[in-house]
Amino acid sequence: MTTMDHAAYYRALTARDPRFDGVFFVGVTSTGIYCRPICTAKTPRAQNCRFYSSAEAAESDSFRPCLRCRPELAPGSAPVDDARRIADLLVQRLEEGTPEAGIESIAAQFELSSRQIRRIVQQELGVSPIQLLSTRRLLLAKQLLTETRLPIIEVAFASGFASLRRFNDAFRERYGMPPNRLRREASSPARKTRDRETLTLQLSYRPPFDWPGLLDFLAQRELKGVECISAGEYRRTVRLGSRQGWIRVGHIPERRGLAVELSGSLSPVLPALLGRLRHLFDLSARPDLIAERLSRQAALAQAVARNPGLRVPGAFDGFELALRAVLGQQVTVKAATTLAGRLIEAFGDPIETPYPELNRLSPGPASLAAAKPRDLTKLGIVGARARSLLALAQEAFSGRLVLEAGAPPDQVLPKLLQLPGIGPWTAHYIAMRALRWPDAFPKEDLALRKKLGGATPTQAEALSQAWRPWRSYATLHLWGASK
């Protein structure tokens, strides 16, 4: 992450934005303790804060680690903190694996031994990989027991347990009761009889939330065959690991949440699926703090007042978003959407769903990495753009380029800029949506600079410093959600 000033770091601290967890640490001079930016302790005064890029730097200034937020558990994003970065990525890989996927297969993806995997996770997260997964699975199981009518055996498998016996034993050990007792005692109004072939859960957010505006943004960039946005709902096909299916997401404002319906085939990968949806719909944002800060600037005050619940649309799949961003270079949004539809028709695997308009899976890096330029140019994609797409696919397929939420922008941006045909605008757009970087700022964007009175890129960069660390939200406000 690029260097921010003291005030920007403090704003991120007051928001307790989880996207900055591991990016910086705060030392509090009045207590001699340093914390993660998500610590639940009372926010210290700005004049008592010192900000550091690593826990080691804070400790070198004689600060002691906080016993509440435990800085040693922060996910690593700093380049000097490779072990923690690897641990964080390993957690994501473990969650996206099917239940039968073992540590050995995860280790192979990172070219590490299973012993190294266990040691890194234990050292960096304080628990073994099995303990980590068990906790997450049990929390999901509690939600399924109280919010759905799934049979308990299906809850066990949907939560990632390999057998009902293991689920029952783990649940009794952790919560001191069998799963069926929790279900009997639960009185959640969300429990309704459902078709056993589907599952419905709720994802919460902090209001206000501009659901219509977010859907409009996504609808303009809809991937034909993969996505469908209509009647106030978002629908799409899904492939996670070896699992395939579909999802349908609607808004329930009276509950301050989104209702997520999914095909039963996706239940084994629920943790990964729900995490991706939180990223896609920006559900972890603090709109109150972001709007309060941005509305202080004259260039943004009116836009923020009109839409205090603006969200920055993320990406369900980082590679998919990057493909769409490259296709959108130097053409209209409508033209890029047409080209994306052709690409999906040619390279996306077919799938059957209850919705006729959802009939393709998004093509992954493997399918495009093996393609030839002529395979793309015959779809109407110009030669230079075709070479960019193939280079992007090859880097992603090799594992050298990681395009997922939480990947460090200071490492990913230079790799993107080295690819043919990808400039700063495209790189920052990908960082904003695929990496979920709240401080991305495509200062070269012409429409953005026109909104700033015809500023040059250098002038736009200077003006944007007052908006940090939420320049991505400032950008969406300036675009008017129409870019």
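Note that the coordinates shown come from a computational prediction; the quantities given were computed from them, not determined experimentally. (Residues numbered from 1 in each chain as written. Predicted model: local features only at pLDDT ≥ 70, side-chain atom pairs only at ≥ 80, totals over all residues. Heavy atoms only, no water.)

## As for the sheet that holds strand S5 (residues 198–204)
Two orientations exist for strands paired in a sheet by backbone hydrogen bonds: parallel and antiparallel.
No. 1: As summarised here, the arrangement of the 5 strands in space is S5-S9-S8-S7-S6, forming an open sheet in which the pairing is antiparallel. The sheet is open, and its two borders are formed by S5 and strand S6 (227–230), each paired with just one other strand. Averaged over all pairs of adjacent strands, the angle between strand axes in this sheet comes to 20 degrees, irrespective of strand direction.
No. 2: Summarising the sheet, strand S8 (residues 243–252) and strand S9 (residues 257–263) pair through 6 bridges and their orientation is antiparallel. (Pairing = 2+ DSSP bridges. Helix = DSSP H or I, 4+ residues; strand = E, 2+ residues; numbered from the N terminus. Axes fitted to C-alpha atoms, helices over the stretch in contact; angles between N-to-C directions.)

## Here's the deal with the nonpolar core
No. 1: The biggest cluster of nonpolar side chains holds 125 residues, and the ones touching the most others in it are Leu270, Leu273, Phe281, Leu392 and Leu416.
No. 2: Among residues more than four places away in sequence, those in contact with leucine 392 are Phe319, Ala322, Leu323, Val326, Leu401, Leu403, Leu416, Leu419 and Ile422.
No. 3: Core analysis: the next-biggest nonpolar cluster, separate from the first, contains 6 residues, Tyr52, Ala55, Ala58 and Phe63 among them. (Core = buried A, V, L, I, M, F, W, Y, C linked by side-chain atoms within 4.5 Å. Buried < 20%, exposed > 50% of the residue type's maximum accessible area, 1.4 Å probe, protein only. Contact = heavy atoms within 4.5 Å.)

## Details of helix H11 (residues 270–280)
No. 1: Residues Leu270, Ala272, Leu273, Leu274, Arg276, Leu277 and Leu280 constitute the buried set of H11.
No. 2: Aspartate 282 sits one or two residues past H11 and shows a positive phi near 55 degrees.

## A closer look at the side chain of aspartate 21
No. 1: Among the structural elements, aspartate 21 can be located in the loop between helix H1 (6–15) and strand S1 (25–28).
No. 2: Within the local environment of aspartate 21, its side chain forms a polar contact with the side chain of arginine 36, the two groups lying 2.5 Å apart. (Polar contact = N/O pair within 3.5 Å; in protein donor to acceptor, adjacent residues only side chain to side chain.)

## With respect to helix H10 (residues 211–220)
No. 1: When we look at burial in H10, the residues that qualify are Trp211, Leu214, Leu215, Phe217 and Leu218. Taken end-on, H10 shows its buried residues confined to a sector of 155 degrees, consistent with a single buried face.
No. 2: Structurally, the start of H10 carries an N-cap: the backbone nitrogen of glycine 213 is 3.0 Å from a side-chain oxygen of aspartate 210. (Arc of directions from axis to C-beta.)

## Here's the deal with unusual backbone geometry
No. 1: For the peptide bond that leads from proline 207 to proline 208, omega is 0 degrees, which places it in the cis range.
No. 2: Cis geometry marks the peptide bond from arginine 468 to proline 469, where omega comes out at 10 degrees.
No. 3: For proline 469, the position within the fold is in the loop between helix H22 (457–464) and helix H23 (471–479).
No. 4: With a phi angle near 50 degrees, arginine 16 is a residue other than glycine that sits in the positive phi range.

## A look at the environment of arginine 50
No. 1: By secondary structure assignment, the location of arginine 50 is in strand S3 (residues 49–52).
No. 2: Apart from residues no more than four positions distant in its own chain, arginine 50 is found in contact with Phe25, Val26, Gly27, Thr29, Asp61 and Phe63.

## Overview of the pairing of strand S7 (residues 233–240)
No. 1: Most of S7 is tucked away: 7 of the 8 residues are buried.
No. 2: With 4 bridges connecting them, S6 and S7 associate as antiparallel partners. When the sheet's bridge partners are listed, cysteine 228 is paired in S7 with arginine 235.
No. 3: Linking S6 back to S7 in an antiparallel pair, the connection comprises 2 residues, with alanine 231 at a positive phi of about 55 degrees.

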